[in-house]
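The chain contents come next:
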Amino acid sequence: MNILLLDDEPLALKMLGKAVSEAVPEANLFSFSKPREALDFAETTTLQVAFLDINMQMMDGLEVAKKLKDIYPNINIIFSTGYEEYALDALKLYSSGYLLKPIGAEDVAEVMKNLRFPIEEKKRLSIRCFGNFEAFCDGKPIKFKLSRTKELLAYLVDRNGAECRTAEIISELFEDVYNIEYYNKIRRDLIKTFEDMDLSDCIAVTRGGLSIIRENVDCDYFDYKDGLITTKPTEYMSQYSFAEYTFAELF
């Protein structure tokens, strides 16, 4: 779970971070004192929860919340403020909580139990398509024995869960039907690597095809397709030429 913390007062931000880390120790916390920097970060990193101060000098928390919801419609916004008078405005933004400072771990724990948009259990396979293609298991980069296995995985992800037949993959990635033997080595490397990492539930294997089981994968491209991310990326699987077609059609 990725949680954004925003408060332009350093001491308040530190106290908020301490309370959230105690209440949600498994979460990744990203702290910011400047709204613009927080929004720039949100453009590149999927967020599930945001704790926002309201009364800030450069941009108030209500405006930040609106911009975050433009990027992630289902993000859980929790306002952390010293003022009661903004509660109605927060309610209009369908926020998940309104906490008055000083905020303790108990306050955070209680509001996290009642999020407007419940957070699914973290998926072990995480894939990033915007920018360069990267794949992670439990937050660590996946390493394959063969250099082009990663490209095969990228192609399966690009096909958005559709079954990819052997002839199709060879045509798209190798443009040479005589590369069947090399393709089979790459295919085995992908399957074996996933088996060794206990990720077999993320890929469907048939005699002549492969496909990604998208519901078991955390992927920014899938989130975009499902409307969970609305900001159009400026790059998509930049290192692979086959991805240019998808980028031209969708983005």
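Since the structure is predicted, the reported quantities are computational estimates derived from the model, not experimental observations. (Residues numbered from 1 in each chain as written. Predicted model: local features only at pLDDT ≥ 70, side-chain atom pairs only at ≥ 80, totals over all residues. Heavy atoms only, no water.)

> Mind laying out the overall build of the protein chain, listing which residues take part and the relevant values?
Within the protein chain one finds 10 helices and 12 strands. Scored against the burial criterion, the 251 residues of the protein chain give a buried share of 46%. Relative to all contacts within the protein chain whose residues are 6 or more apart in sequence, the contacts with residues 24 or more apart total 62%. Per element, the accessible surface of the protein chain, about 13500 Å² overall, is 49% carbon and sulfur. Counting 30 positive and 43 negative side-chain charges, the protein chain places the centres of these two groups 4 Å from one another. (Helix = DSSP H or I, 4+ residues; strand = E, 2+ residues; numbered from the N terminus. Buried < 20%, exposed > 50% of the residue type's maximum accessible area, 1.4 Å probe, protein only. Contact = heavy atoms within 4.5 Å. Areas by Shrake-Rupley, 256 points an atom, 1.4 Å probe, with all protein chains shown as cover. Lys, Arg positive; Asp, Glu negative; His and termini not counted. Charge placed at Lys NZ, Arg CZ, Asp CG, Glu CD.)

> Provide a residue-level description of the sheet that holds strand 9 (residues 164-165), including the pertinent values.
Strand order across the open sheet formed by 3 strands is 9-11-10, with antiparallel pairing between neighbours. Either end of the sheet is taken by a strand with one partner, and the two such strands are strand 9 and strand 10 (203-206). Of the strand pairs in this sheet, strand 10 and strand 11 (residues 209-212) are connected by 4 bridges, and their pairing is antiparallel. Each residue of the ladder has a partner; that of threonine 206, found in strand 11, is glycine 209. (Pairing = 2+ DSSP bridges.)

> Which residues make up the packing of helix 6 (residues 149-158) against helix 7 (residues 166-173), and what values go with them?
At their nearest, the axes of helix 6 and helix 7 sit 11 Å apart, and the two run at 115° to each other. As judged from the angle between their axes, helix 6 and helix 7 are roughly perpendicular. Regarding helix 6 and helix 7, the two cross each other, and that crossing is right-handed. Each of Glu151, Leu152, Tyr155 and Leu156 in helix 6 lies in contact with helix 7, whose residues at this interface are Glu168, Ile169, Glu172 and Leu173. Its residues placed into classes, the contact of helix 6 with helix 7 shows 5 nonpolar, no polar and 3 charged. (Axes fitted to C-alpha atoms, helices over the stretch in contact; angles between N-to-C directions. Parallel < 35°, antiparallel > 145°, perpendicular 65-115°, else oblique. Left-handed = near helix turned anticlockwise from the far one by under 90°. Nonpolar A, V, L, I, M, F, W, Y, C, P; charged D, E, K, R; others polar.)

> Quick one: what's the story with the pairing of strand 5 (residues 97-100), residue by residue and with numbers?
Across the two faces of strand 5 the burial differs, with Gly97 and Leu99 buried and Tyr98 and Leu100 not buried at all. Inspection of the sheet shows strand 4 (residues 76-81) paired to strand 5 by 4 bridges, in the parallel sense. From the neighbouring strand, phenylalanine 79 faces strand 5, where its bridge partner is tyrosine 98.

> I'd like to hear about the layout of surface pockets, residue by residue, with values.
Estimated volume of the largest pocket: approximately 1500 Å³. What lines the largest pocket is a set of 47 residues, among which Asn2, Thr46, Gln48, Asp218 and Asp223 lie closest to the centre. Those elements that place two or more of their residues in the lining of the largest pocket are strand 6 (125-128), strand 12 (217-219) and helix 9 (220-225). Taken as a whole, the second largest pocket holds about 210 Å³ of empty space. Contributions of two or more residues to the lining of the second largest pocket are made by helix 6, helix 9 and helix 10 (243-250). No other element matches helix 10, which puts 4 residues into the lining of the second largest pocket. For the lining of the second largest pocket, the residue count by class is 5 nonpolar, 2 polar and 5 charged. (1 Å grid on protein atoms, 1.4 Å probe; cavity = no way out; pocket = protein on both sides within 12 Å on 5 of 7 lines; lining within 4 Å. Points joined across faces, edges and corners; volume = space filled by probe spheres on them.)

> An account of unusual backbone geometry is requested, with residue identities and associated values reported.
Cis peptide bonds are those with omega within 30 degrees of zero, and the linkage from lysine 101 to proline 102 qualifies with 0°. With respect to the element layout, proline 102 can be found in the loop between strand 5 and helix 5 (105-112). For aspartate 138, which is not glycine, the phi dihedral falls at a positive 55°. When you line up the elements, aspartate 138 lands in the loop between strand 7 (134-137) and strand 8 (140-141).

> I'd love a proper account of the environment of lysine 140, names of residues and values included.
Tracing the backbone through its elements, the reader meets lysine 140 in strand 8. Each C-alpha atom, one on lysine 140 and one on leucine 125, is 9.6 Å from the other, the two residues being 15 residues apart in sequence.

> Describe in detail the pattern of salt bridges, supporting the description with residues and values.
Per the stated rule, a full pass over the model turns up 11 salt bridges. Across the pair glutamate 168 and arginine 159 runs a salt bridge, and its minimum N-O distance is 2.9 Å. The exposure class of arginine 159 is partly exposed, given its relative accessible area of 31%. One continuous salt-bridge network, built from bridges that share partners, spans Asp7, Asp53 and Lys101. (Salt bridge = Lys/Arg side-chain N within 4 Å of Asp/Glu carboxyl O.)

> Explain the pairing of strand 3 (residues 49-52) residue by residue, including any values.
The alternating pattern of strand 3 places Val49 and Phe51 on one face and Ala50 and Leu52 on the opposite face, and all of these are buried. Pairing of strand 3 with strand 4 involves 4 bridges; the strand directions are parallel. Counted as the bridge partner of valine 49 is asparagine 76 from strand 4. With helix 3 (residues 61-71) bridging strand 3 and its parallel neighbour strand 4, the resulting β-α-β unit is right-handed. (Right-handed = clockwise from strand over helix to strand, strands pointing away.)

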